Amino acid sequence: VERPWMLTEPPVETPVEGPVRIGVLSTLSGGQKFVGEPPYRIALAYAERLNARGGINGRKLEVLGYDVCTNCPDEGLAQAKKAVENDKVFALANTFVVNASLDQVVPYLNSRGVPMVQGSSGSQSRKPELSPYNFSVGLTVPGRAAIGADYAKAYLARMGKPPKVALLYFTDALTSYIAEEQRAALKRVGLQIVDEEAVTYDATMTNQSGQVLKMRAAGAEMVIGSHGVLCAFNMQAASQAGWSAPYLCTIMYDPFTAQIAGPAALTNRDVFADTEGYATEDMQGPGMQDYLSLMREYYPDGDVGLVTLYSYLGMRFIEDGVRSMGDNVTRAGLARYME
């Protein structure tokens, strides 16, 4: 089937000369900078450490940052074009929190044969025949939603509670998309969604007493959320209302989210995240130890967790792929290695 972003012919494999430039599309300003800056900081740290060790087969690694808001597809495409056409980046990496801005970016990169590795593919699921240059180092949104729904069903059954849940999500494109997948997954496993609360990402999100009252009145036994910050403020309101319902949320930034929620909101309440696991200081694997060493030496003020771990993985995959090609470094070669 012909699709507009499919390659009409393989890109010319022109070997890269000189430094290898990596572009990072992320939210580097505004209210969501706190989740957009860490991927960029990790990429910079990774390149600094690598270059201090002699680079990749003698090549230096350069990292360029491009500011893209979390729900700005036109801006995402403009920044991707700037990276590829003006700055001649070799590949893009670590676009963890701007999935909603990548709808036009992915087909553009495919048409130019430019690889991109990201923490989560969002709506651009990893299908080589449709998206040959787009790679994810994490679970897709549908995959996380399915795991969360399975766990929510098992948890409620184990606790002897009715299979009734409330769905909580932001109105922006990314978290609405997550909620859409959660909605489908919850229905698929037989959980009843008794209430849905859509919250605007602005100052009003800090007071969700009205949403809590409606979820509680509807008989929800568990809250399924599409964003950790949203869940944190909702848990605050639930605590004030004396409602101890459990929460299962995605995009949880621990310990940041727990700090927002506060100790009172977390007391006598089960809280789960449907991501596939956080990085922690006590993991002993050699890869994890290398990541922790990078954090300690080059990003000591950063949080050990999923956002920075995904960024580390993206940079490591790129390094290993470039290193494997010796002197004949090409984008197509990196894509083959990533595959």
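What you see is a predicted model; the values in this text were computed from it and never measured.

*Asks:* Run through the pattern of salt bridges, naming residues and quoting values.
*Replies:* With the rule as written, the count across this model stands at 10 salt bridges. Across the pair E197 and K214 runs a salt bridge, and its minimum N-O distance is 3.5 Å. Highlighted residues: E197 in strand 7 (residues 192-199) and K214 in helix 6 (residues 209-217), separated in sequence by 17 residues.

*Asks:* Give a description of the sheet that holds strand 2 (residues 61-67) that names residues and reports values.
*Replies:* Pairing within the open sheet is parallel, and its 5 strands lie in the order 2-1-3-4-5. The sheet is open, and its two edges are formed by strand 2 and strand 5 (134-136), each paired on a single side. Each strand axis lies, on average, 25° off the axis of its neighbour in the sheet, ignoring direction. Both strand 1 (residues 20-26) and strand 3 (residues 91-93) contribute to a ladder of 2 bridges, which runs parallel. In the sheet register, I22 faces strand 3, and the bridge partner there is A91. On top of the sheet, helix 1 (residues 33-52) reaches strand 1 and strand 2; it is set at about 165° to strand 2, its chief contact. Strands strand 1, strand 2 and strand 3 of the sheet are contacted by helix 2 (residues 73-86), whose axis makes an angle of about 155° with strand 2.

Reading the values: rules and limits
Residues numbered from 1 in each chain as written. Predicted model: local features only at pLDDT ≥ 70, side-chain atom pairs only at ≥ 80, totals over all residues. Heavy atoms only, no water. Salt bridge = Lys/Arg side-chain N within 4 Å of Asp/Glu carboxyl O. Helix = DSSP H or I, 4+ residues; strand = E, 2+ residues; numbered from the N terminus. Pairing = 2+ DSSP bridges. Axes fitted to C-alpha atoms, helices over the stretch in contact; angles between N-to-C directions. Contact = heavy atoms within 4.5 Å.

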